[in-house]
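# Topology and contacts: notes
Here is what each chain is made of, one letter per residue.
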Amino acid sequence: MDTLKVLTSVVLPTFGKGVIIRRPAVEGLAGRFNLDLSAVRLMQKLRRKYGASPLLLKIPFRPQLLLLGAKDVEFVLSRAPQPFSPATKEKRAALNHLEPGNVLISDPPRRAQTRPYHEAALATSERHHPLVSRFQAVIDEEIERIISADGRQELDWPLFAAAWFKIVRRLVLGDSAREDEGLTDLLNHLRSRSNWAFFLRKDRKLLEEFQRIVQRYADRSEGGSLVGFGPKDQSINPPSQIAQWLFAFDPAGMATFRTLALLATYPEHLAAAQAEALAGETERPLTRAYFLEALRLWPTTPAILRETTTEIAVPKVKEGTGLIIFTPFFHRDDANLKCAHRMEPSIWLDGDDALPLKGLVPFSAGPAMCPAHNLVPLVATMAIGAILARASIKLTSPTMAPSALPGTLDHFALKFDARRSTSSGT
Ligand code: HEM
């Protein structure tokens, strides 16, 4: 009975919203019915009933261990790719539609070959990517175009997203990709197929077309872009690696837009972020912490999945058993986290972007941690800064109570009143 409850209250809504690309209608429903917090409550109930050890869900043909203790999150994530492999059956089925051969779904030898490509291009271990000044110029240019020169305007997701994806194409592929909306449409089409994982056949023709276009950009290797900056190695199948960058900048945009909503809900933090933006330094520790809070409160990767590569003794499970880390449970667990449902940027002010022992892992943790865990907050803080340096913003929809933030924040529905500020001088 409890397995069934997990399937209907945790697994189904998560996959329903769309793991690879969000389905706006389902995200709207999840928001209206507060499905994410209901899932957290169910998992808290299971922990009270069974204890904090991993709970085996005896799903026919696909047993899964559901992690209920934060220490196990750290234990599992730090042991990748063996004995806890990121390349689970579900991920392989989903991502094969879009990026066969991507590091995320690679076996350990191929992972050892592909992971360094990402780490080098995305400058994983550097707080500021070497192309930071160029990124700043691109972001300023695109944001300048969407903040109306005269007076007030509504800033909503379609307006922000149009600028965001121009930024993404320019940063990833180069300026020549700025207007290539067709490529983003093609990518989104493949992502929609990925959402269906096993339940849909691969569209080989569409995938080939997408890969051909991305390979063309990779061959062009434009200066100032991530493809130009990354190592040149055809053996890793560049389009399959680069597809992940193009696709994963979408959740980065969602989280950036949600950060604006969060800031508009806490005027003192909005003022602090605006002051950082106007100071013009690249290092913006507060804005970075606000962004990480938006990711904690509304994680864009709600399910981090693993699969055992060998038999495990405690609890006794066979090789090939799935593991589920449902991040909203750890990020919103008010039994262990006082600030579960409000913003608390101090969590991140030490400079970390993963606190696995507390189960706070917006970018995952360990050897398979997102290799863009420094790049994404950098780009996001620059975009937030570019908006706040030009405009005063007010959240017009929805309204949020600062002491009890909603479990789901539908980014498609966010609307702001943006007024060009006179103080910015821009
Ligand atoms: C809000 C934005 C993002 C978040 C929250 C995020 C989070 C994550 C998470 C949770 C994983 C899974 C790691 C695991 O299975 O343990 C991951 C993997 C990955 N992400 Fe990100 N990511 C974001 C954006 C990006 C961007 C923009 C890029 C590239 C430009 C990127 C590149 C990757 C790659 C290549 C992997 C596979 C790593 C591996 O398997 O070794 N991510 N990311």
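That block above? That's the structure.
A brief look at the structure comes next. Numbering of residues begins from 1 in every chain and follows the order in which that chain's sequence is written. Owing to the predicted nature of the model, reporting of local features is limited to residues with pLDDT of at least 70; listing and counting of side-chain atom pairs is limited to 80 or more, with chain, interface and lining totals taken over all residues. Excluding hydrogens and water, the side-chain figures rest on all heavy atoms present in the structure.

### Quick notes on the sheet that holds strand β5 (residues 303-308)
Should DSSP find at least two bridges between two strands, the strands are regarded as paired. Secondary structure elements are defined from DSSP: runs of H or I of at least 4 residues count as helices, runs of E of at least 2 residues count as strands, and each element is numbered from the N terminus. Strand order across the open sheet formed by 5 strands is β1-β2-β6-β5-β3, with mixed pairing between neighbours. One side of each edge strand has no neighbouring strand; the edge strands of this open sheet are β1 (55-57) and β3 (84-85). Pairing of β1 with strand β2 (residues 64-66), which is carried by 3 bridges, proceeds in the antiparallel orientation. Looking across to β2, one finds that L55 is bridged to L66.

### Thoughts on unusual backbone geometry
Here the residue pair A80 and P81 is connected by a cis peptide bond, since its omega of 0° sits within 30 degrees of zero. Secondary-structure assignment places P81 in the loop between α4 (70-77) and β3. Here the residue pair Q82 and P83 is connected by a cis peptide bond, since its omega of 5° sits within 30 degrees of zero. Counting through the fold element by element, P83 comes out in the loop between α4 and β3. In the Ramachandran plot, S221 falls in the positive-phi region, its phi being about 45° despite a non-glycine side chain. Structurally, S221 can be placed in the loop between α10 (204-220) and α11 (226-229). In this model, S364 sits at a positive phi of 70°, which is unusual for a non-glycine residue. Its place among the elements puts S364 in the loop between α15 (327-331) and α16 (375-388).

### Some details on a nonpolar patch on the surface
Taken together, W196, F198, F199 and L200 make up a surface patch of nonpolar side chains, about 480 Å² in accessible area. Here F198 is to be found in the loop between α9 (181-195) and α10. Like-charged residues are merged into a patch within 9 Å and nonpolar side chains (Val, Leu, Ile, Met, Phe, Trp, Tyr) within 5 Å, provided each residue has over 30% relative accessible area and no salt bridge. For the accessible areas, the method is Shrake-Rupley and the probe is 1.4 Å, while residue cover comes only from the protein chains on display. Note on definitions: salt bridges are taken to be side-chain nitrogens of Lys or Arg within 4 Å of carboxyl oxygens of Asp or Glu.

### Some details on the packing of helix α13 (residues 267-279) against helix α14 (residues 285-297)
Axis lines are fitted through C-alpha atoms, for helices just across the contact stretch, and the angle between N-to-C directions can take any value from 0 to 180 degrees. Packing of α13 against α14 brings their axes to within 8 Å, and their N-to-C directions diverge by 130°. Relative to α14, the element α13 lies oblique. The handedness of the crossing between α13 and α14 comes out as left-handed. Here H269, A272, A273 and E276 of α13 come into contact with α14, specifically with P285, L286, T287 and Y290. Asp, Glu, Lys and Arg are counted as charged, while Ala, Val, Leu, Ile, Met, Phe, Trp, Tyr, Cys and Pro are counted as nonpolar; the rest, among them Gly, fall into the polar class. In terms of residue class, the contact of α13 with α14 is made up of 5 nonpolar, 2 polar and 1 charged. Any angle that falls under 35 degrees is termed roughly parallel, while one over 145 is termed roughly antiparallel, one within 65 to 115 roughly perpendicular, and all others oblique. Each helix crossing is assigned a hand: it is left-handed if the near helix lies turned anticlockwise from the far helix by less than a right angle, otherwise right-handed if that turn is clockwise. Note on contacts: a residue pair qualifies if any of its non-hydrogen atoms lie within 4.5 Å across the two residues.

### Some details on the layout of surface pockets
Lining residues are those with an atom within 4 Å of a point, where the points come from a 1 Å grid over the protein atoms alone and group into cavities, where a 1.4 Å probe fits but cannot get out, or pockets, open sets with protein on both sides within 12 Å along at least five of seven lines. Grid points are joined across faces, edges and corners, and a volume is the space filled by probe spheres set on the points. The computed volume of the second largest pocket comes to approximately 250 Å³. Considering the residues around the second largest pocket, the lining is formed by 16 residues, among which W157, A161, F165, T184 and N188 are closest to the centre. Contributing elements (two or more residues each) for the lining of the second largest pocket: α8 (157-172), α9 and α12 (238-265). Tallying contributions element by element places α8 first for the lining of the second largest pocket, with 6 residues. Taken together, the residues that form the lining of the second largest pocket break down as 7 nonpolar, 3 polar and 6 charged.

### Brief notes about the coordination of the iron atom of the ligand
Water is not among the atoms examined, so metal sites may look incomplete; donors are the N, O and S atoms within 2.8 Å of the metal, or within 3.2 Å for Na, K and Ca. Exactly one protein atom donates to the iron atom of the ligand; that atom is C370 (SG), 2.3 Å from the metal. Inspection of the secondary structure assignment puts C370 in the loop between α15 and α16.

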